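# Reading the structure
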Amino acid sequence: MKFRKIGFISLPALACVLLTGCGTETYVVPTFDEGKQIQLIAYAPSCPTGLLGGNVSTITEENYKNIAKAGFTHTLSLYEGFFTKDINLKSSLERSYKTTNEQNLQILDYCEKYGLKHYARDWAAYMMGIYAGYDNPLEKYRSQLSSYDQYKEAFEVLFPESTDPEERQYFKHPAYAGNYLADEPFFSSLKTLGEITDIYLNRMDELGVKNVNPIVNLLPCHAGGTSLGPGWSEYVDSYYAYTGKKIGSISYDFYPFMKGKKDSSYMKDLYLYNLQTAAEKCKDYGCNLETYVQTKGDFTGMRDLTSIGDIRMQLYTDLAFGSSKVTYYEYGCKNGEAEGNYALLNLTNGELTKNYAYVKECNNEIKSFEKIVSCFEYDDIMCKLGDPDIPNLNFELLENNRGNVSSNDRVSIASCTQDVFMTSMKRKTDRSDAFMLVNFTDPFYKLNNTVTLNFKNTKALLVYKMGERQILESPSGSYTFELEPGEGTFIVPLN
């Protein structure tokens, strides 16, 4: 089979572009004017001097310049905004605001210069009233922060109305995107979380701060104990009723790569199930899906990255399910490559690791088609095993038996040499088709994948492969793709 590649054509004033193929037929390459930017968030981008034991601050212009170069659009504080409690609740809240304001104004100025937006963290506002398993600096004053009115009074101190026109307040900075309000709340805390979110949004409105969204992130489906209440589905429904509908999103974190025995690796088997159920919830509610990417190992058994394929597989998988916001956990941490469990940046000395290069390449790949993929929403998933005698638990645990479905009315996965999945996607405006094809093998094992797809009623394919735009033609409708470890390929059939 011979593929013909046609160079990039852009005619933004027209609704489509007509191209003539190798034969006499023509096909239409649509434009995607409604497309949006995919948010790529660097979590823990910097750290004040000494907080992690280092002798440097990474709240520097050079650091934020590097973050922008790596293709990130936003940053999300972890270590900034931390304070030491004072002699009483009010003075503690005032100290928290002062610390948060000073540190985040420095960050916001750098972000504005390099085209980034910033989500701030005030440790007094973060998880306020949600104390389960969390050591808040205001723990001592929990009895004074246990009702809606008390939360509201506290937020008026944490987000004060300035009487000085010269005073700079971080939440009025043009690069401010919102505050980090909560991470992984328990089912029992969701009502309180809804109150806190409501108070925050109302306070921003009172202060005239527009176009902000707080960061509120949920537990993954494998969380233990009673943390999810009746179950993950009910947990998300309750969250959406109290909070999600106010901010228009469902966000959760799931880190798939785990250390195996004797220098091996394995993937958590609920990874695709969690994405599938979250994407279905977003379809039902008409809201956005927000996801996370693992960049490092840790004490829980997560492994370090071993190749660029680890980033590719997560990023393209998230996009396959329609994620509009991807947070990298973490951008910076206290370790370097020699210690293991390292991220993109060593926060104690400011040195970048090899993971920085991996993420930079992947982020800039998806920028070539983010305005197209963001026009589509997740519809369903198809899977095929490379070896039918070797099961894949990620496929088997999908709902509605989707792990055993390898075709729909537009395309079939004819063959593959390794396990592969493909999501079908629908354009939000006209319900036309697109697909995301992903080599779903643990990139640790460096397995390439040869996949053949058979399309119906398709004259050609618009394809984005590692950021390269191609148009492929096949008179028979059969196309073969060579996928590297972790690689995803975005496909739009042309009529």
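Each chain has its residues counted from 1, running along the sequence as written. Where local features are concerned, this predicted model is filtered to residues with pLDDT of at least 70; where side-chain atom pairs are given and counted, the filter is 80 or more; whole-chain, interface and lining totals use all residues. The basis for every side-chain value is the complete set of heavy atoms in the structure, and neither hydrogens nor water enter the calculation.

### A few points about the pattern of salt bridges
Keep this limit in mind: The working definition used for a salt bridge is a side-chain nitrogen of Lys or Arg within 4 Å of a carboxyl oxygen of Asp or Glu. Segments assigned H or I by DSSP are reported as helices when at least four residues long, segments assigned E as strands when at least two residues long, and all are numbered from the N terminus. Under the scheme applied here, a residue whose accessible area is under 20% of the maximum for its type counts as buried, over 50% as exposed, and between as partly exposed, the area being computed with a 1.4 Å probe on protein chains only.
Enumeration according to the criterion identifies 23 salt bridges in this entry. Taking the shortest distance from any N to any O, the salt bridge between K281 and D237 comes out at 2.8 Å. Here D237 lies in helix α5 (residues 232-247) and K281 lies in helix α6 (residues 271-285), a separation of 44 residues in the sequence. Given the relative accessible area of 12%, K281 is considered buried. Relative accessible area serves as the criterion here: at 28%, D237 is assigned to the partly exposed category. A salt bridge links R431 to E377, with the shortest nitrogen-to-oxygen separation between them at 2.7 Å.

### Topic: the sheet that holds strand β11 (residues 288-294)
Our working definition: Strand pairing is defined by DSSP finding a minimum of two bridges between the two strands. An axis is simply a line fitted to the C-alpha atoms; with a helix, the fit covers only the stretch in contact. Between two such axes, the angle follows the N-to-C directions and lies from 0 to 180 degrees. Contact between two residues is taken to exist if any of their heavy atoms lie within 4.5 Å; hydrogens are not considered.
On the basis of which strands lie adjacent, the open sheet formed by 8 strands has the order β7-β6-β5-β4-β3-β12-β11-β8 and parallel pairing. Unpaired on one side and paired on the other, β7 (215-217) and β8 (249-251) mark the two borders of the sheet. Within the sheet, the average angular offset between the axes of one strand and its neighbour, ignoring direction, is 25 degrees. When strand β3 (residues 39-43) meets strand β4 (residues 74-76), the two strands line up parallel, connected through 3 bridges. What sits directly across from Y43, in β4, is L76. Strands β6 (176-183) and β7 of the sheet are contacted by helix α4 (residues 190-206), whose axis makes an angle of about 165 degrees with β6. On top of the sheet, α6 reaches β8 and β11; it is set at about 160 degrees to β11, its chief contact.

### Things to note about the packing of helix α7 (residues 308-320) against helix α8 (residues 354-366)
Stated formally: For classification purposes, angles smaller than 35 degrees are called roughly parallel, those larger than 145 roughly antiparallel, those between 65 and 115 roughly perpendicular, and all remaining angles oblique. Take the far helix as your reference; a near helix turned counterclockwise from it by less than a right angle gives a left-handed crossing, and one turned clockwise gives a right-handed crossing. Polar here means any residue outside two lists: the nonpolar Ala, Val, Leu, Ile, Met, Phe, Trp, Tyr, Cys and Pro, and the charged Asp, Glu, Lys and Arg; Gly therefore counts as polar.
α8 packs onto α7 with a crossing angle of 30 degrees between their chain directions and a minimal axis gap of 9 Å. As far as their axial angle goes, α8 and α7 are roughly parallel. Crossing angle aside, the handedness with which α7 passes α8 is right-handed. Mapping the contact onto sequence places I308, I311, R312, L315, Y316 and L319 in α7 and Y358, V359, E361, C362, N363, E365 and I366 in α8. Here the contact of α7 with α8 is composed, by residue class, of 9 nonpolar, 1 polar and 3 charged.

### Some details on the nonpolar core
Cut-off, in case you're wondering: Here, the term nonpolar core denotes a set of buried Ala, Val, Leu, Ile, Met, Phe, Trp, Tyr and Cys residues that are joined through side-chain atoms within 4.5 Å.
Among the nonpolar cores identified, the biggest contains 135 residues, and F72, F159, Y176, F321, F421, M436 and F490 are the most heavily contacted of them. The residues touching F72, leaving out its near neighbours within four places in the chain, are L40, I41, A42, I67, L116, Y328, Y331, L344, V359 and N363. Residues V420, V463, F481 and I491 belong to the second largest nonpolar core, which totals 18 residues.

### So, the pairing of β3
Going by this rule: For the handedness criterion, the strands are oriented away from the viewer, and a crossover whose path from the first strand over the helix to the second runs clockwise is classed as right-handed.
Where burial is concerned, most of β3 is hidden: 5 out of the 5 residues are buried. Because side chains alternate across β3, one face comprises the buried residues Q39, I41 and Y43, and the other comprises L40 and A42, equally buried. Sheet topology note: the β3/strand β12 (residues 323-329) ladder contains 4 bridges and is parallel. Looking across to β12, one finds that Q39 is bridged to K325. For the crossover that starts at β3, traverses helix α1 (residues 61-69) and ends in the parallel β4, the hand is right-handed.

### Digging into the environment of P48
Here P48 lies in the loop between β3 and α1. Using a relative accessible area of 14% as the deciding quantity, one classes P48 as buried. Each C-alpha atom, one on P48 and one on T58, is 6.5 Å from the other, the two residues being 10 residues apart in sequence. Once residues within four sequence positions are removed from consideration, P48 is found in contact with V56, S57, I59, Y79, E80 and Q103.

### Looking at helix α3 (residues 148-158)
Worth spelling out the cut-off: Here, the arc refers to the directions that run from the helix axis to the C-beta atoms.
Where α3 is concerned, the buried positions are Y151, A154, F155 and L158. In an axial view of α3, the angular spread of the buried residues amounts to 100 degrees, which keeps them on one side of the axis. Opposite the packed face of α3, turned more than 90 degrees from it, sit the exposed residues D149 and E153. Those residues of α3 that are buried are in contact with α2 (89-113), β6 and α4.

### Overview of α8
Of the residues making up α8, those classed as buried are N355, Y356, Y358, V359, C362, N363, E365 and I366. Packed against the buried residues of α8 are β3, α1, α7, β12, β15 (351-352) and α9 (370-373).

### Structural notes on the side chain of S474
Heads up, the rule is: Nitrogen and oxygen atoms within 3.5 Å of one another constitute a polar contact, given that in protein one can donate a hydrogen and the other can accept it, and given that sequence-neighbouring residues count only through two side-chain atoms.
When you line up the elements, S474 lands in the loop between β22 (468-472) and β23 (478-483). Given a relative accessible area of 4%, S474 falls into the buried group. At 2.9 Å, the side chain of S474 and the backbone oxygen of S478 are in polar contact.

### Observations regarding the environment of R95
Checked against the element boundaries, R95 lands in helix α2. Each C-alpha atom of the pair R95 and F83 lies 7.0 Å from the other, and the pair is 12 residues apart in sequence. Leave out the neighbours within four places in its chain, and R95 touches F83, T84, K85 and D86.

### Structural notes on the packing of aromatic side chains
For clarity, the cut-off: Put simply, two rings from Phe, Tyr or Trp (the six-membered ring, in Trp's case) pair if the centres are within 6.5 Å, and we call them stacked under 30 degrees between planes, edge-to-face over 60, tilted for the rest. In our convention, an over-ring charge means Lys NZ or Arg CZ found within 6 Å of a ring centre and within 35 degrees of that ring's normal.
Applying the stated criterion to the full structure yields 33 aromatic pairs. On the basis of an interplanar angle of 80 degrees and a centroid distance of 5.3 Å, the ring pair of F82 and W123 is categorised as edge-to-face. Pair noted here: F82 is in the loop between β4 and α2 and W123 is in the loop between β5 (117-120) and α3, with a separation of 41 residues, a long-range link. Ring geometry for F421 against F440: centres 5.6 Å apart, planes inclined by 70 degrees, an arrangement best described as edge-to-face. With F421 in strand β18 (residues 420-427) and F440 in the loop between β19 (433-439) and β20 (449-455), the pair connects residues that are 19 residues apart, well separated along the chain. A residue is classified by how much of its surface remains accessible, and F421, at 0% relative accessible area, is buried. When the ring centre of Y126 is taken as reference, the NZ or CZ atom of R121 above it lies at 4.2 Å. In this structure, K268 is placed above the aromatic ring of F254, and the distance from its NZ or CZ to the ring centre is 5.5 Å.

Just geometry here; none of it tells us what the structure is for.
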